Amino acid sequence: MMKRRTFLKRGSALLALAGSTGLGLAGKAGLTGTAHAAGVAMPLPIPRVLDNLDNSGKTATFAMAVQQGSVEFFPGKPTSTLGYNGNFLGPTIRVRNGQPFKFSLHNTLPEVTTLHWHGLHVPARWDGGPRQPVPPGSVWEPEFTIRQEAATLWYHPHAMGLTGKQVYQGLAGLLLIEDEVSDRLDIPKTYGVDDIPLVIQDRRFFTNGAFAYVQSMHDIINGVVGNYLLVNGALQPTLTVHGGLVRLRILNGSNSSIYRFALRDKRSFQVIASDGGFLERPVKLDSILLSAGERAEVLVDFTDLSAGKEISLQVDQIGGNRFDAMQIVVDRPSTSSRRVPETLRPLARIPESEAGHVRRFSMETMSGGGMGMGRGMMGGRLTINGKKMDINRIDERVKAGSTEIWEISNRSGMMMAMPHSMHLHDVQFQVLSRNGQAPPPHEQGRKDTVLVLPGETVRMIVRFGDYKGVYMYHCHLLEHEDDGMMGQFEVY
Ligand code: C2O
Ligand code: CU
Ligand code: CU
């Protein structure tokens, strides 16, 4: 304890030295000898697929332990981490629509955690939010049926006030749903070979290698922004592919960063899926913006890339750093003649006339208090409709199966123009408009998380599900969420 305190103090001093650049505590020059700097290409780690413990293949039965670990992101400077069944991050869970699902989580940590299925239509009592704490040493065993079309979802802890810290330490993983549509489509689907999971997160480190999580009020208001980028837990790894079409399933798994993704040589790609699954048809883009918690699946054509030639995945942190996140290299030319399909799946727009109710949400970050004040002093400032999360208060009641319009406004004070990322549990919604304008085609699919920039109002239409109970809505900038930018809706 003593040790940790001294260490934090030292970190703060370093942070003060780093000044307003936000470059964190371990400057790139300060930590040499990374795998990349040493010229050793680290292959992109692919999270393993979690074993189904049920041999009949009917019920998806999985077990995981959440545990403490250690990773040497920098040789000789071990970082204390958390992971599921490992040191950092967690395995990929693959299930099929219609499949009964049984899961067991053993919490071996000395603190409470939860496991939330982000994006999943799930009974409220198995949602894994702050209402389902898993105390140290205990086992949590949800059981339900997957009732959802193919999508790239994810899971992460969600204990009250601890989400950001635990995700930062390494708790996150992918949950992939497959269905007849994903079976039928002629798209890359060999996991880890041409269907590549990418969990993108940034981190900040102390010079001794420890993660430098929230150090100040500034970190809470702005979110913790890192100066190192991890792809599946690795710094600047190399992905080797066989050319042709490659599918990237991208998760912005960062705590609070908004990323713009592009290929360094500016080649375009086709977006085929948003948070909740396939779009109606591919959308060609040359960069895509994802806020914290959002996903996209894209197809990139490497047919023209000659063997041995490298290009990099470029990640721009909005208002922050530019990273060459990952090198992509083709080991041999592709023999496949696969083309991007013209259509993916029918996707009916929910008609606005179906909505019986409009609710308005105002996400507020007000200036005041100022730097150097304690967390409590600024406590009233990050709110939704002027309120902070209270687990004993239900903020909204919605009827099961009903359709509503939710209007989310970002009313940042002038001095605190912060983006927010609104997320709803249990549902996939459709974005109707952003400041009155129709969203771009790649944002017209099913979504569970949406970026709301300062001054913007995003209108979305939501069909609530049939499971009754209490779910969360919140800003997915995890420092905002933990500070109370969250509310509860009850489906009745
Ligand atoms: Cu991804 Cu309420 O969370
Ligand atoms: Cu969620
Ligand atoms: Cu926010």
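On a predicted model such as this, the values are computed, not experimentally measured, just so you know. For every chain, the first residue of the written sequence is number 1, and numbering continues from 1 along that sequence. Here every chain gets a letter starting at A, and every ligand a number starting at 1, in the order they are written. The model is predicted, so local features are restricted to residues of pLDDT at least 70 and side-chain atom pairs to those at 80 or more, both for listing and for counting; the totals for chains, interfaces and linings are taken over all residues. Computation of side-chain values covers all heavy atoms of the structure but excludes hydrogens and water.

### Concerning the overall build of the protein chain
This is how the line gets drawn: The way it works is that DSSP assigns letters per residue, a run of H or I at least four long becomes a helix, a run of E at least two long becomes a strand, and they are numbered from the N terminus. Throughout, a contact is declared for two residues whenever any of their heavy atoms are within 4.5 Å. Only the protein chains shown count as cover for residues, with accessible areas throughout obtained via the Shrake-Rupley method and a probe of 1.4 Å.
Secondary structure assignment for the protein chain yields five helices and 31 strands. For the protein chain, the proportion of contacts with a sequence separation of at least 24, taken over those separated by at least 6, is 75%. Working note: accessible area of the protein chain is about 19100 Å², and carbon and sulfur atoms make up 52% of it.

### Looking at the environment of Val340
What counts is decided by this rule: Here the term buried applies to any residue with accessible area under 20% of the maximum for its type, exposed to any over 50%, and partly exposed to those in between, with areas from a 1.4 Å probe on protein chains only.
Turning to its location among the elements, Val340 is positioned in the loop between strand S21 (322-330) and strand S22 (357-365). Val340 gets classed as partly exposed once you look at its relative accessible area, which sits at 27%. When near neighbours in sequence (up to four residues on either side) are disregarded, Val340 contacts Leu245, Gln270, Pro282 and Leu299.

### Side note on the coordination of the copper ion (ligand 2)
The test is simple: Sites may look incomplete because water is not among the atoms; the donors themselves are N, O and S atoms within 2.8 Å of the metal, or within 3.2 Å for Na, K and Ca.
The copper ion (ligand 2) binds to the protein through His116 (NE2) and His423 (NE2), with metal-donor distances spanning 1.9 Å. Linking His116 in strand S5 (residues 116-118) with His423 in strand S26 (residues 420-424), this pair joins segments that are 307 residues apart in sequence. A relative accessible area of 0% places His423 in the buried class.

### Here we look at the coordination of the copper ion (ligand 3)
Metal coordination angles have textbook ideals: 109.5 degrees for a tetrahedral set of four donors and 90 or 180 degrees for an octahedral set of six. In this structure, His420 (ND1), Cys475 (SG) and His480 (ND1) serve as the protein donors to the copper ion (ligand 3), at separations of 2.0 to 2.1 Å. For the copper ion (ligand 3), all donor residues lie on one chain, and their spacing in sequence is H-x54-C-x4-H. Here Cys475 lies in strand S30 (residues 469-475) and His420 lies in strand S26, a separation of 55 residues in the sequence. Residue classification places His420 among the buried positions, given a relative accessible area of 0%. Assessed through its relative accessible area of 0%, Cys475 is described here as buried.

### Let's talk about the side chain of Thr79
The following threshold applies: Here a polar contact means two N or O atoms within 3.5 Å. Within protein one must be a hydrogen donor candidate and the other an acceptor candidate, and residues neighboring in sequence count only if both atoms are side-chain atoms.
In this structure, Thr79 sits in strand S2 (residues 77-84). Of note is the side chain of Thr79, whose polar atom sits 2.5 Å from the backbone oxygen of Gly209. Among all residues touching Thr79, those that are not within four sequence positions of it are Gly69, Ser70, Val71, Phe73, Phe205, Gly209, Ala210 and Phe211.

### What about the side chain of Glu404?
Relative to the helices and strands, Glu404 is located in strand S25 (residues 403-410). Side-chain polar atoms of Glu404 contact the side chain of Arg359, separated by 2.6 Å. A polar side-chain atom of Glu404 sits 2.9 Å from a polar atom in the side chain of Trp406. If sequence neighbours within four positions are ignored, Glu404 has contacts with Ala355, His357, Arg359, Val398, Met460, Ile461, Val462 and Phe464.

### Let's talk about the packing of aromatic side chains
Applied cut-off: Ring pairs are drawn from Phe, Tyr and Trp, using the six-membered ring of Trp, whenever the two centres fall within 6.5 Å, and their geometry is named by plane angle: stacked under 30 degrees, edge-to-face over 60, tilted for the rest. Charges are assigned to positions over rings by a cutoff of 6 Å between ring centre and Lys NZ or Arg CZ, combined with an angular limit of 35 degrees from the ring normal.
Tallying each qualifying case throughout the model produces 27 aromatic pairs. Between Trp406 and Phe464, the aromatic rings sit 5.6 Å apart at their centres with planes inclined by 45°, giving tilted as the arrangement. Note that Trp406 is positioned in strand S25 and Phe464 in the loop between strand S29 (457-463) and S30, a separation of 58 residues in sequence. Phe464 carries the same exposure label as Trp406, and that label is buried. Put simply, the rings of Phe73, Phe74, Phe88, Tyr168, Phe205, Phe211, Tyr213 and Tyr228 pair up and form one aromatic cluster. The cationic tip of Arg203 hangs over the ring face of Tyr168; the distance from NZ or CZ to the ring centre is 4.4 Å.

### Observations regarding the pattern of salt bridges
Selection rule: Salt bridges are identified by distance alone: a Lys or Arg side-chain nitrogen within 4 Å of an Asp or Glu carboxyl oxygen.
Under the criterion given, the structure shown has 36 salt bridges. Salt-bridge contacts for Arg463 lead to Glu354; the nearest nitrogen and oxygen are separated by 2.7 Å. Of this pair, Arg463 sits in strand S29 while Glu354 sits in the loop between S21 and S22, and the two are 109 residues apart along the sequence. A relative accessible area of 33% places Glu354 in the partly exposed class. Arg359 is the salt-bridge partner of Glu404, the closest N and O atoms lying 2.6 Å from each other. Linking Glu404 in strand S25 with Arg359 in strand S22, this pair joins segments that are 45 residues apart in sequence. Across the pair, exposure class does not vary: Glu404 and Arg359 are buried alike. Salt bridges sharing partners connect three or more residues here, namely Arg94, Glu178, Asp195, Arg247, Arg249 and Glu297.

### A few points about the confidence of the model for the protein chain
The condition is simple: As a per-residue measure, pLDDT reflects the predictor's confidence and takes values from 0 up to 100.
Scored by pLDDT, the protein chain has a mean of 90; 88% of the residues are at 70 or more. Within the protein chain, no element has a lower average pLDDT than helix H1 (residues 2-18), which sits at 30, and none a higher one than S5, at 99. In this model residues 1-39 is a low-confidence stretch, pLDDT under 50, and it forms 47 contacts with partners more than four residues away in sequence or in other chains.

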